[in-house]
Amino acid sequence: MVTETQRPPLLPEPAADELRLEVVMGALADPLRMTVARKLLLDSDEFDHPCGWFGFDRPKSSLTHHFKVLREAGVIHQRQYGLERRSRLRREDLERRFPGLLALIAETGQD
């Protein structure tokens, strides 16, 4: 198991106390970005996930943009592993800052 000190540093992101609901909700308003957040919430384990793990058939430049929006809004952490960026949901920060938001994300897309 890789410890936190063995992982590459996090890419720039807002601090937990700087997260703003309107920015987070704006990032999640896009269906693809909501899918990313939901998949990380429901299907992720303790590891950082590369873009390919999500199974999107989109150009890399498009995916890079969507992941950047999520990171800059404070929804995900990202780390650079060589040429690859890997993502993880900011679960604890989001739940502490916006209680109930993760439950809403989990329910999104269910009929």
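Just above sits the structure.
Residues numbered from 1 in each chain as written. Predicted model: local features only at pLDDT ≥ 70, side-chain atom pairs only at ≥ 80, totals over all residues. Heavy atoms only, no water.

### Observations regarding the packing of helix α2 (residues 31-43) against helix α3 (residues 60-73)
Viewed as axis vectors pointing N to C, α2 and α3 meet at an angle of 65 degrees, and their least axial separation amounts to 10 Å. Put simply, α2 runs roughly perpendicular to α3. Helix-helix and strand crossings are classified by hand; for α2 and α3 the assignment is right-handed. Along its contact with α2, which presents Leu32, Arg33 and Val36, the element α3 presents Leu63, His65, His66, Phe67, Val69 and Leu70. (Axes fitted to C-alpha atoms, helices over the stretch in contact; angles between N-to-C directions. Helix = DSSP H or I, 4+ residues; strand = E, 2+ residues; numbered from the N terminus. Parallel < 35°, antiparallel > 145°, perpendicular 65-115°, else oblique. Left-handed = near helix turned anticlockwise from the far one by under 90°. Contact = heavy atoms within 4.5 Å.)

### Considerations on the packing of helix α1 (residues 21-28) against α3
The geometry of α1 relative to α3 is characterised by a closest axis approach of 9 Å and an angle of 165 degrees between their N-to-C directions. It follows from the interaxial angle that α1 and α3 lie roughly antiparallel. In this structure, α1 crosses over α3, and the sense of that crossing is left-handed. Where α1 approaches α3, its residues Val23, Val24, Ala27 and Leu28 are matched on the opposing element by Val69, Leu70 and Ala73. A breakdown of the residues in the contact of α1 with α3 according to their chemical character gives seven nonpolar, no polar and no charged. (Nonpolar A, V, L, I, M, F, W, Y, C, P; charged D, E, K, R; others polar.)

### Regarding the sheet that holds strand β1 (residues 49-50)
Spatially, the three strands line up as an open sheet ordered β1-β3-β2, and their pairing is antiparallel. In the strand order of this sheet, the two ends are held by β1 and β2 (76-81), each with one partner. The sheet contact formed by β2 and strand β3 (residues 84-89) spans six bridges and is antiparallel. Residue pairing in the sheet places Arg79 in a bridge with Arg86 of β3. Along the sheet, α2 contacts β1, β2 and β3; its crossing angle with β3, the most-contacted strand, is approximately 70 degrees. Along the sheet, α3 makes contact with β2 and β3, crossing β2 at roughly 125 degrees. (Pairing = 2+ DSSP bridges.)

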